[in-house]
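Residues per chain, in single letters:
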Amino acid sequence: MAAAPRAGEHVAVVGGGICGLAAAHRLARSGTGVTLLEGSDRLGGLGTFFPWRDRWVERFYHCVMPSDEHLLGLLDELGLRSSIRWSPTRMGMVVAGRHHPFNTALDLLRFTPLGLPDRVRFGVVTLLLRRLGRGRDLDAVRTEDWLRGLYGDRVWELLLAPLFGAKFGARFGDVPALYLWQRLGREGAVSVRGYPEGGYRAVVDALRASIEAHGGVVRLGAPVRRIGVGDGVRLELPGEVLTADRAISTLPLPQLRQVADEDLAPRLPEVELPYQGVVNALFFLRRPLSGHYWTPVVRSGTDFDGLVQMTPLAGVEPYAGRHLVYAMRYTDRGSALFAEDDAAVAERWTAQLLALHPGLGREDVEDVRVFRAPFVEPVYPLGYLARRPPVVVAGTPLLLATTAHVYPDVTSWNSSVGLANRVVATPAGAPRPVPG
Ligand SMILES: Cc1cc2nc3c(=O)[nH]c(=O)nc-3n(C[C@H](O)[C@H](O)[C@H](O)COP(=O)(O)OP(=O)(O)OC[C@H]3O[C@@H](n4cnc5c(N)ncnc54)[C@H](O)[C@@H]3O)c2cc1C
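Only a predicted model underlies this, so the values are computations on that prediction, with no experimental measurement involved. (Residues numbered from 1 in each chain as written. Predicted model: local features only at pLDDT ≥ 70, side-chain atom pairs only at ≥ 80, totals over all residues.)

With that out of the way, let us pick up the nonpolar core. Ranked by internal contacts, the top residues of the largest apolar core, which has 123 residues, are Ala12, Val13, Ala23 and Ala327. Among the elements that make up this core, the one with the highest residue count is helix α1 (residues 18–29) (eight residues). (Core = buried A, V, L, I, M, F, W, Y, C linked by C-beta atoms within 7 Å. Buried ≥ 20, exposed ≤ 12 C-beta atoms within 10 Å, placed from the backbone. Helix = DSSP H or I, 4+ residues; strand = E, 2+ residues; numbered from the N terminus.)

Take the site of the ligand next. Close to the ligand lie 35 residues, the nearest being Gly15, Gly17, Gly39, Gly45 and Ser412. Listed by contribution, the elements that provide at least two residues to the shell around the ligand are α1, α9 (253–259), β14 (275–285), β18 (365–378) and α14 (413–425). Looking at the shell around the ligand residue by residue, the class counts come to 17 nonpolar, 17 polar and one charged. No fewer than three residues from each of domain 1 (10–84 + 199–273 + 380–424) and domain 3 (192–197 + 274–378) sit in the shell around the ligand. (Near = placed C-beta within 6 Å. Nonpolar A, V, L, I, M, F, W, Y, C, P; charged D, E, K, R; others polar. Domains from an automatic or database assignment.)

Moving on to the confidence of the model for the protein chain. When pLDDT is averaged across the protein chain, the result is 91; 95% of the residues are at 70 or more. Counting contacts from residues 1–7, a segment whose pLDDT is below 50, to residues more than four positions away or on other chains yields 21 contacts. (pLDDT = per-residue confidence, 0-100. Contact = placed C-beta atoms within 7 Å.)

What follows is about the sheet that holds strand β15 (residues 294–298). Within the open sheet, the seven strands sit side by side as β7-β6-β15-β16-β17-β14-β18. Their pairing is mixed. Looking at which strands have only one partner, the edges of the open sheet turn out to be β7 (98–101) and β18. Pairwise comparison of adjacent strand axes, ignoring direction, gives a mean angle of 20° for this sheet. Two elements, β15 and strand β16 (residues 306–309), share three bridges in a ladder whose sense is antiparallel. Bridge pairing in β16 places tryptophan 294 opposite valine 308. (Pairing = 2+ DSSP bridges. Axes fitted to C-alpha atoms, helices over the stretch in contact; angles between N-to-C directions.)

Right, let's get into the domain arrangement of the protein chain. Reports often express the size of an interface as the amount of accessible area lost when the parts come together. Examined at the domain level, the protein chain breaks down into domain 1 (10–84 + 199–273 + 380–424), domain 2 (104–187) and domain 3 (192–197 + 274–378). Spacing between the C-alpha centres of domain 1 and domain 3 amounts to 27 Å. Elements with a contribution of two residues or more to the side of domain 1 that touches domain 3: β4 (55–58), α8 (199–213) and α9. In terms of residues, the side of domain 1 that touches domain 3 owes the most to one element, α8, which gives four residues. Of the residues contributing to the side of domain 1 that touches domain 3, the split by class is 18 nonpolar, five polar and three charged.

If you want it as structure tokens, here you go:
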């Protein structure tokens, strides 16, 4: 490969999100020559950041969970585990324009959108949900069938479908119940969340430094336009062709299909997953909205269906004294909202945020930024455990490490790091240190 840092086997890692960074870090540390190719001019993928004043701010809200064992293990290696600031966080809920705290049994008892019997049922079933799913083949059960049966029609229609459906849109009911069950295991009753000191940029910078310190090469502005396989892997970039002994692609499968050459394309996994994208607006506010970290917004006339306020988690210091609030809507990349221009989204969502919080005035909104991403959540079909694509593209030196592979784990930095560890450790992907 052109930029080979050393003689011996060389691996190209395509994509500089957390999965590619973690894989390249692990390969480089084991003595394998590695070149990471990131198409954009910044590392971090969906967890990336942008300059705001003299700060760096994440485009999309991100937090660490205490159960994020793979990510925390990686942070340990980088000497960053103790940089995670853990904070107890609280959840709110806005239903039909009314704000409700949603944390304790008392909050639930006072939660008037549901009748009293449904509130009690909601509380009891939620407490038992993880246990009720144990030993069942939830991969073969539609989420809607499972939850409607347990919670009843009203709770499903009023609360659960809009709440959990936010991630998958209309298709949420069809996603295997196993996904939700896993998600409850990750988030469960956890109210403590973490945020790295220096933001996610600090983690990305440390990974890059580690890769380079171990002889790896990190290239930005290096979009792979074509991939072909033979004895090795051939990667076409604008104006150059690179070769590697093996490659790990972290691109979402639809994007990989677009760059696979005619020989590779038919060998790629057949599974055709729809993907949900996201549109999200960041509000830099002069005053806090509420003490809640996460607030789903249900049937309240807004285009966004949730708010994440960073102040309870990260404080205001990372945002130059401002209160950072993310408003998000998961949506198909073909939707009208996804195509709408940033200024229009910013204007309309600001008006909707103000309508939802009458105490907030235009003068409190210092800045609004809009970001979107086309491939965030694969919409898993029933029985996906058996259809999950293998990480090795059979008969080729190409390995895959994508969000389509992390199921039934929730897509997160943690699951991507776990996947990177797994791919690097598979026989075809295991590091082969240079002899001598
Ligand atoms: C709104 C939102 C909130 C989230 N909240 C959390 C959270 O709180 N906690 C958490 O852990 N996770 C969260 N996530 C999920 C998390 O960000 C993702 O699961 C994770 O970042 C996926 O990493 P990845 O490396 O697999 O893919 P990606 O981050 O998508 O990385 C793929 C990379 O490949 C690059 N690329 C694409 N095409 C090419 C090409 N042709 N050549 C070279 N490079 C290319 C892209 O630019 C990108 O950098 C959130 C995501 C979103 C969108």
